[in-house]
Amino acid sequence: MNTEPTTHGDTAMHTLTTTDVEALLADLAQLLPCPTSIETDMGGEGWVPELYFGPIDEASDAPIHRLGIDILTERPVWLIDLDEGMRTILLDDVTPDNVRNVAARVLALYPDHRQ
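Residues numbered from 1 in each chain as written. Predicted model: local features only at pLDDT ≥ 70, side-chain atom pairs only at ≥ 80, totals over all residues. Heavy atoms only, no water.

## Looking at the overall build of the protein chain
If you tally the helices and strands in the protein chain, you get two helices and seven strands. Counting from the amino terminus, helix and strand elements in the protein chain follow one another as β-β-α-β-β-β-β-β-α. Nonlocal contacts in the protein chain, meaning residues at least 24 apart in sequence, comprise 34% of its contacts between residues at least 6 apart. When the accessible surface of the protein chain is totalled, it reaches about 6800 Å², and 49% of it is carbon and sulfur. (Helix = DSSP H or I, 4+ residues; strand = E, 2+ residues; numbered from the N terminus. Contact = heavy atoms within 4.5 Å. Areas by Shrake-Rupley, 256 points an atom, 1.4 Å probe, with all protein chains shown as cover.)

This is how it looks when you write it as structure tokens:
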């Protein structure tokens, strides 16, 4: 995984590929005590892997919560979308490779997924 800083103008940024994101999501899935699935969906500017979890929405047949990493920002940022995107939390204080911290945050934000 490439998390080395690269230069973009005068600002250093870390770069992740979609393959890196998928590997991090797979690691995160192992830490969550609920069923998960990794899906690659069309995001704002490209195809991005995301981790879906939580109760299934009957209309879409997909879990109503998702996790991902915005790799198009100056510094990659974890994001958690709860309740079909009605509540979005950015974890800008967590490094992309800190999946244990992300798992702990998910369980704190949505404790009914503890089994």
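## Examining helix α1 (residues 18-31)
Each turn of an α-helix holds 3.6 residues, which means side chains three or four residues apart point in the same direction. The terminal C-alpha atoms of α1 lie 20 Å apart, and with 14 residues this matches the ideal 20 Å at 1.5 Å per residue to within 8%. Residues Asp-20, Val-21, Leu-24, Leu-25, Leu-28 and Ala-29 constitute the buried set of α1. (Expected span 1.5 Å × (residues − 1). Buried < 20%, exposed > 50% of the residue type's maximum accessible area, 1.4 Å probe, protein only.)

## What to know about the nonpolar core
Leu-28, Leu-32, Leu-67, Trp-78 and Val-102 are the most contacted members of the largest nonpolar core, which totals 24 residues. Examining the composition of this core, we find that five residues originate from one element, α1, more than from any other. Beyond its immediate stretch of four places on either side in the chain, Leu-67 contacts Leu-25, Leu-28, Leu-32, Glu-50, Leu-51, Phe-53, Leu-79, Ile-80, Val-102 and Val-106. (Core = buried A, V, L, I, M, F, W, Y, C linked by side-chain atoms within 4.5 Å.)

## Comments concerning the side chain of His-65
Along the chain, His-65 falls in strand β5 (residues 62-70). Its relative accessible area of 0% is what places His-65 among the buried residues. At 2.9 Å, the side chain of His-65 and the backbone nitrogen of Asp-83 are in polar contact. (Polar contact = N/O pair within 3.5 Å; in protein donor to acceptor, adjacent residues only side chain to side chain.)

## Concerning unusual backbone geometry
With the exception of glycine, the majority of residues adopt a negative phi angle, and the majority of peptide bonds are in the trans configuration. Phi is positive for Asp-61, which is not a glycine, with a value near 60 degrees. With a phi angle near 55 degrees, Glu-84 is a residue other than glycine that sits in the positive phi range. Within the fold, Glu-84 resides in the loop between β6 (77-82) and β7 (87-91). The class of Glu-84 is exposed, set by a relative accessible area of 54%.

## Let's talk about the packing of α1 against helix α2 (residues 99-109)
Where α1 meets α2, the closest approach of the two axes is 9 Å, and the angle between their N-to-C directions is 50 degrees. Put simply, α1 runs oblique to α2. Crossing geometry of α1 relative to α2 is assigned as right-handed. Facing α1, whose interface residues are Leu-24, Asp-27, Leu-28 and Leu-31, α2 presents Val-99, Arg-100, Val-102 and Ala-103. For the contact of α1 with α2, a count of residues per class yields six nonpolar, no polar and two charged. (Axes fitted to C-alpha atoms, helices over the stretch in contact; angles between N-to-C directions. Parallel < 35°, antiparallel > 145°, perpendicular 65-115°, else oblique. Left-handed = near helix turned anticlockwise from the far one by under 90°. Nonpolar A, V, L, I, M, F, W, Y, C, P; charged D, E, K, R; others polar.)

## Quick notes on the environment of Ala-62
Along the chain, the position of Ala-62 falls in strand β5. On the accessibility criterion, Ala-62 (24% relative accessible area) is partly exposed. Sequence-distant contacts of Ala-62, that is, excluding residues within four places in its chain, are made with Pro-55, Ile-56 and Asp-57.

Function cannot be read off these values alone, since they describe shape.
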